[in-house]
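# Structural characterization, general
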Amino acid sequence: MRVTVIGAGVAGLACATVLAERGAEVEVIERSPDLLADACSRHAGGMLAPWCELESAEEPVARLGAEAIDWWEARVREVWRQGSLVLAPPRDRAELDRFARRTERFARVGGEEIAELEPDLAERFCAGLLFAEEAHLCPRCALKSLAQRLREMGVAFRHGVDGREAGAGASTDLVIDCRGFAARDSLPELRGVKGEMLLVRTRDVALNRPVRLLHPRIPLYIVPRGAEDGLYMVGATMIESAERDRITARSMVELLNAAYALHPAFAEAEIVDIGADVRPAFPDNMPRLCWRNGRLYVNGLYRHGFLLAPALARMAADAALGKEALYAH
Amino acid sequence: MNFYGVDLNCRLMLGTAQYPSPAVMAEAVKASGTEVVTVSLRRESGAGRAGQDFWSLIRALGVRVLPNTAGCRSAKEAVTTARMAREVFNTKWIKLEVIGEEDTLQPDVFGLVEAARILAEDGFEVFPYTTEDLVVAERLVEAGCRVLMPWGAPIGSAQGLNNAFGLRALRAHFPEVPLVVDAGIGVPSHAARAMEMGYDAVLINTAIAKAGDPVAMAAAFARAVEAGRLAWEAGPMEPREMASPSTPVIGRADLA
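Quick caveat: nothing in here was measured; it's all calculated off a predicted structure.

This next bit is on the side chain of A:E78. Within the secondary structure layout, A:E78 lies in the loop between α3 (68-75) and β4 (79-80). Despite its burial, A:E78 pairs with no opposite charge, the nearest such side chain being A:R77 at 4.2 Å.

Here you go:
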């Protein structure tokens, strides 16, 4: 079966991977000239945190997300199983209880355990939650590795090609549309939820795992980018807006304040990159797999791109190859 | 209940922020029976009209929209946001918020009165988010406000009615002005208490949006508001220092 995947973001690359692994002849079409130029997943946190996400997501996100850690670990090198740590300053301790009430598979940790897990945060926090089974990855490294792996499997990449008009025909049997927010032209119920993030570098503080800092209004997280020592991703805002290309001063202040509240050494960090883009989301913030206009759409991964892409890719491949089986009879 | 010439039956108003998803928000709105929702514009607007998608979802709820100026920190910023809201939602209504303090998010009452005056003169129908301060309330009414929205406690704090005496005094002082408790309500009993004090309505956001089951909590608030209002209309008895048996003791059979 020949399959054309449109979009080389995390959804597209995961679909291409699963289909190629199951023997399909896959090509990937991407409108931007370079792999990471335009995909919103390049700004992802890269947390594989299905149980933490229950704080705001519905149960299927945790269930489907649970397969993500093994999936990524089997395919790319840049995955770390260090768990995630959720902390709150003493004043916002009530937020920790609220977080605990809505999530599962964690242990409550006190000051001593926090100091053991993250020596640089010793004496700074005295209560937290450890989600020991969770993991994180470096999103940009993971996307590059996945693309390289696909090329080695014989998957063709065609960059600078607009996939809107691509259709099943002489050259392909099936089109899988993974264009993210750009697919709004055919999925009108899709909306954008803006996110803003920073990449900072500091050698003055070392973190081993993603740390979520709870706050009643501005909950944020810091994820160590293991590939390069001293590099941290600080994210991310959630704004109901389809604006893709601008980080506001206020958001930057909030992100930096969170980093500073976690450890004052972040005040001296170098700002390496700032990024803004929109997450594609359906009204229920749940992902969808649907047939429309003769295409299979995989979209609405919202803030769970790396977490949900493996499960969605599996389902997309089932649907694609199931359809082939249907035609064969 | 009448806000600026509009008759409303439901005395519960809902905010639309912080829900797990727009779909859950829509269900909570339905379960609450509300006729008015507020929506913020400041941050969502971006450089142009980038918040359109969310605003379309709000319009699709089929209830009256009360846009707000949440996040504005000066009168000027609030006035600009209000004018944009009028275009986006095609309404003269504006819930005016001018935040004066970062930690408590309490209103900057000086900026509030200034912005209320400008907007009222510009034809807006202003719903000011204020404290329970009587003098500020008078200034707001002078500025042209025909509805007042005093806080119960700081926004999102779930502390209930922090100054019940002040809120009662405000009610007594403005018998004719519709009064809505706007912030700080955490559980339905807080809302019932405000209604029992004679408040015309309550506005709830965080207490519903951040509940374990927002849709069920919306229904709970709807019932509490209805019960509180009914109690107010029924005339609650005054508290007494002494016990008073509900069954008379005189005339009791003497079996000794």
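Turning to the state of the cysteines, a few remarks are in order. Residue and element names in this part refer to chain A. Scanning the model with the defined rule gives one disulfide over all chains in all. Here C138 is linked by a disulfide to C141, with a sulfur-sulfur distance of 2.3 Å. For the disulfide bridge between C138 and C141, the dihedral angle about the S-S bond is near 65 degrees, and by the sign convention the bridge is right-handed. Across the pair, exposure class does not vary: C138 and C141 are buried alike. In this structure C15 is a free cysteine whose sulfur lies 4.0 Å from that of C178, the closest cysteine sulfur available. Relative accessible area serves as the criterion here: at 1%, C15 is assigned to the buried category. Just so you know, C40 is unpaired, no disulfide at all, and the nearest cysteine sulfur is the one on C178, 12 Å from it. C40 gets classed as partly exposed once you look at its relative accessible area, which sits at 30%.

Take the sheet that holds β4(A) next. Residue and element names in this part refer to chain A. An order of β3-β8-β4 is seen for the three strands of this open sheet, with the pairing classed as antiparallel. Here the strands that pair on one side only, and so sit at the sheet edges, are β3 (47-48) and β4. Sheet topology note: the β4/strand β8 (residues 135-137) ladder contains two bridges and is antiparallel. From the neighbouring strand, W80 faces β8, where its bridge partner is H136.

A separate point is the domain arrangement of chain A. Residues and elements named next belong to chain A. Its domain assignment divides chain A into domain 1 (2-45 + 139-189 + 283-327) and domain 2 (84-132 + 191-281). Computed from C-alpha coordinates alone, the two centres of domain 1 and domain 2 are separated by 29 Å. A combined buried area of about 1700 Å² lies between domain 1 and domain 2, and 57% of that area is made up of carbon and sulfur atoms. Considering only the side of domain 1, the residues that lose the most area to domain 2 are H43, F181 and Y302, jointly responsible for 37% of the buried surface there. Where domain 1 packs against domain 2, one counts three salt bridges. Note that R244 is salt-bridged to D38, the shortest N-O span being 3.1 Å. Our count for the domain 1 to domain 2 interface comes out at seven residue pairs in polar contact (both at pLDDT 80 or more).

The next thing to look at is the pairing of strand β16 (residues 288-292) of chain A. All names here are of chain A. Note: β16 against strand β17 (residues 295-299), five bridges, orientation antiparallel. Within β17, the residue paired with R292 across the bridge is R295. The antiparallel pairing of β16 with β17 creates a hairpin that spans two residues between the two strands, and N293 there sits at a positive phi of about 50 degrees.

Next up on the list: the sheet that holds strand β12 (residues 211-213) of chain A. Residue and element names in this part refer to chain A. If you walk across this open sheet you meet the eight strands as β6-β7-β5-β12-β13-β14-β11-β15, and the pairing is mixed. Strand pairing shows two members of the sheet lacking a second neighbour, β6 (107-110) and β15 (270-281), which therefore form its edges. Between one strand axis and the next, the sheet turns by 25 degrees as a mean value, whatever way the strands run. As paired elements, β12 and strand β13 (residues 220-224) share three bridges and run antiparallel to each other. Each bridged residue has a counterpart across the sheet, and for R212 the counterpart in β13 is Y221.

A complete count under the given rule lists 43 salt bridges over all chains for this structure. Its salt-bridge partner being B:R171, residue B:D200 comes within 2.6 Å of it at the nearest N-O pair. Taken together, the residues B:D200 in the loop between α7 (188-196) and β10 (201-204) and B:R171 in helix α6 (residues 164-173) connect sequence positions 29 residues apart. For the residue pair B:D200 and B:R171, the accessibility class agrees, reading buried in each case. When salt bridges that share partners are traced, they join A:R31, A:D38, A:R42, A:R244 and A:D277 into one network.

Across the chain, the bulk of peptide bonds are trans and the bulk of non-glycine residues have phi less than zero. Following A:G235, the chain continues to A:A236 via a peptide bond in cis, the omega torsion being -20 degrees. Along the chain, A:A236 turns up in the loop between β14 (231-235) and α7 (249-262). One non-glycine residue, A:Y302, lies in the positive phi region at around 55 degrees. Assessed through its relative accessible area of 12%, A:Y302 is described here as buried. The backbone of B:L105 shows a phi angle near 55 degrees, a positive value even though the residue is not glycine. Its place among the elements puts B:L105 in the loop between β6 (93-96) and α4 (109-121). Classification of B:L105 as buried rests on a relative accessible area of 11%.

Thresholds, definitions, all that
- Residues numbered from 1 in each chain as written.
- Chains lettered and ligands numbered in written order.
- Predicted model: local features only at pLDDT ≥ 70, side-chain atom pairs only at ≥ 80, totals over all residues.
- Heavy atoms only, no water.
- Helix = DSSP H or I, 4+ residues; strand = E, 2+ residues; numbered from the N terminus.
- Buried < 20%, exposed > 50% of the residue type's maximum accessible area, 1.4 Å probe, protein only.
- Lys, Arg positive; Asp, Glu negative; His and termini not counted.
- Salt bridge = Lys/Arg side-chain N within 4 Å of Asp/Glu carboxyl O.
- Disulfide = S-S within 2.5 Å.
- Pairing = 2+ DSSP bridges.
- Domains from an automatic or database assignment.
- Buried area = accessible area lost by both parts, 1.4 Å probe.
- Polar contact = N/O pair within 3.5 Å; in protein donor to acceptor, adjacent residues only side chain to side chain.
- Axes fitted to C-alpha atoms, helices over the stretch in contact; angles between N-to-C directions.

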